[in-house]
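Listed here are the chains, written in short residue letters.
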Amino acid sequence: MTDSRWVGRSYETAPFEVTEQSIRDYMAAVGDLREDDRLVAPPTYAMVYGFDAYWQLWTDQEVALDVAHLVHGEQRFNFQRAVRPGDRIRTTGRLTAINSRGDMELVTFELKARDAEDRPVSDGSALFIIRKA
Amino acid sequence: MSTLDFEQVSPGQSLPPLTKHVTVEQIRQYAEASGDRNPIHLDETFARSAGLPGVIAHGMLTMAFANQMVTDWLGDRLLLKSLQGRFAGMVLPGDEVTCSGSVASRDDERRRLVINLVVTNQRGEKVLNKGVAEAEFPPRRSNTNAA
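Let me sum up the structure you'll find in this document.

Definitions and cut-offs
Residues numbered from 1 in each chain as written. Chains lettered and ligands numbered in written order. Predicted model: local features only at pLDDT ≥ 70, side-chain atom pairs only at ≥ 80, totals over all residues. Helix = DSSP H or I, 4+ residues; strand = E, 2+ residues; numbered from the N terminus. Buried ≥ 20, exposed ≤ 12 C-beta atoms within 10 Å, placed from the backbone. Arc of directions from axis to C-beta. Contact = placed C-beta atoms within 7 Å. Core = buried A, V, L, I, M, F, W, Y, C linked by C-beta atoms within 7 Å. Nonpolar A, V, L, I, M, F, W, Y, C, P; charged D, E, K, R; others polar. Pairing = 2+ DSSP bridges.

Right, let's get into the overall build of chain A. Each helix and strand counted, chain A has three helices and six strands in total. The linear arrangement of helices and strands in chain A, starting from the amino end, is β-β-α-α-α-β-β-β-β. Seen along its three principal axes, the alpha-carbon backbone of chain A occupies a region of about 50 × 30 × 20 Å. Counting the 133 residues in chain A, one finds 36% classified as buried.

Here you go:
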């Protein structure tokens, strides 16, 4: 069981530099290839610019989540503005809850992404399920 | 593709479904594009040792499909204001998943739509449920001849 004293711990990504290549690689990977008049990232690209926040949580040796038994249970996003090449986005993730349900542990992670002018880009939350070994 | 006409949308209306055939190559490509190289998505031996039937697709790949179904229908990626869902089942290489959705409500004042979504596999099992998307349309251009 993950120690509940880590609730409240937060992680911040370095500014993520959005490039045309990164958006196009993402679009190709998910197969969402519809062209807009001006290139804009699909909204779920939020997982790409925010990914390092998730990674920092998963690899935090003190929190020590059992990542081998971790699966993504739920995800929510709110989108405040378009993401385009040239954007610099910083994402903060915060571990907000650790709950136990039967033989599962539920970990809630809340995220906020902001641009170089500190305006909101997106926010959201993830629920991770860890099956107790 | 042109943008959907808000005035033409009715509650209960279905969105055109979107079907995707998931492959090992696509999961690898998603891992590279997203940065998520967790071995449960890439390493068959590791995935089995973690108690999984084999490598599984990222939940966020399934959510990206749901995103695409909605934005293809809207005709404009910028109209999507929120998206959520619960990953109800694993998606394995070789699976064919189908996203479907319908309009739950239309708010004329705020020009917002709420869309309910589900993603099922080839056996009809839900792999994403409790899916909800919200879209917001820009204000209607005012008619200068109106009183």
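Residue and element names in this part refer to chain A. Taken residue by residue, helix α3 (residues 51-58) has Ala53, Tyr54 and Leu57 as its buried positions. Take α3 and look down its axis: the buried residues cluster within an arc of 100°, on one side only. Structurally, α3 contributes buried residues whose contacts are with β1 (10-12), β4 (88-101) and β5 (104-114).

Let's shift gears to the nonpolar core. Grouped together as the largest cluster of nonpolar side chains are 69 residues, with contacts concentrated most on Tyr26 and Tyr45 of chain A together with Phe65, Ala66 and Val70 of chain B. A per-element tally of this core places helix α3 (residues 59-74) of chain B first, with 10 residues. Apart from the residues within four sequence positions on either side, Tyr26 of chain A is in contact with Ala41, Pro42, Tyr45 and Val48 of chain A together with Ala33 and Ser34 of chain B.

Another aspect to go through is the interface of chain A and chain B. The partner chain B presents 30 residues to the 27 residues of chain A that form the contact. At the level of secondary structure, the elements contributing two or more residues to the side of chain A that touches chain B comprise α1 (20-30), α2 (46-49) and β3 (70-79) of chain A. The element that contributes the greatest number of residues to the side of chain A that touches chain B is β3 of chain A, accounting for eight residues. In terms of residue class, the side of chain A that touches chain B is built from 14 nonpolar, seven polar and six charged. Note: β3 of chain A against strand β2 (residues 80-87) of chain B, five bridges, orientation antiparallel. Following the sheet pairing, Asn78 of chain A is matched in β2 of chain B by Ser82 of chain B.

It is worth spelling out the environment of Pro53 of chain B at this point. All names here are of chain B. Relative to the elements of secondary structure, Pro53 occurs in the loop between α2 (44-49) and α3. On the basis of neighbour counts, which here come to 9 C-beta atoms within 10 Å, the residue Pro53 falls in the exposed class. Taking the C-alpha atoms as reference, Pro53 lies 9.5 Å from Met90; in sequence the two are 37 residues apart.

We now examine helix α1 (residues 24-34) of chain B. In an α-helix, one turn spans 3.6 residues; hence positions three or four apart end up facing the same way. What α1 of chain B keeps buried is the set Ile27, Tyr30, Ala31, Ala33 and Ser34 of chain B. In this structure, the buried side of α1 of chain B is in contact with α1, α2 and α3 of chain A together with α3 of chain B. Among the residues trailing α1 of chain B, Gly35 of chain B stands out with phi positive, at a value near 90°.

Let's shift gears to the pairing of strand β4 (residues 112-120) of chain B. Residues and elements named next belong to chain B. Where strand β3 (residues 96-107) meets β4, nine bridges bridge the pair, whose relative direction is antiparallel. Paired with Cys99 across the strands is Val119, a residue of β4. Hairpin connection from β3 to β4: four residues lie between these consecutive antiparallel strands, with Arg111 at a positive phi of about 55°. Between β4 and strand β5 (residues 126-136), which pair antiparallel in sequence order, lie five residues; one of them, Gly124, sits at a positive phi of approximately 85°.

Moving on, we come to the pairing of strand β1 (residues 18-21) of chain B. Residues and elements named next belong to chain B. Here β1 shows a clear split, with Leu18 and Lys20 buried on one side and none of Thr19 and His21 buried on the other. In the sheet, β1 pairs with β3 via four bridges, with the strands oriented antiparallel. For Thr19, the partnering residue across the bridge sits in β3 and is Thr98.

What follows is about unusual backbone geometry. A positive phi angle, close to 55°, is found at Ala64 of chain A, a residue other than glycine. Along the polypeptide, Ala64 of chain A turns up in the loop between α3 and β3. Looking at Ala64 of chain A, the number of C-beta atoms within 10 Å reads 11, which means it is exposed. Positive phi values are uncommon outside glycine, yet Arg111 of chain B reaches one of about 55°. Looking at the element boundaries, Arg111 of chain B is found in the loop between β3 and β4. A count of 16 C-beta atoms within 10 Å places Arg111 of chain B in the partly exposed class.

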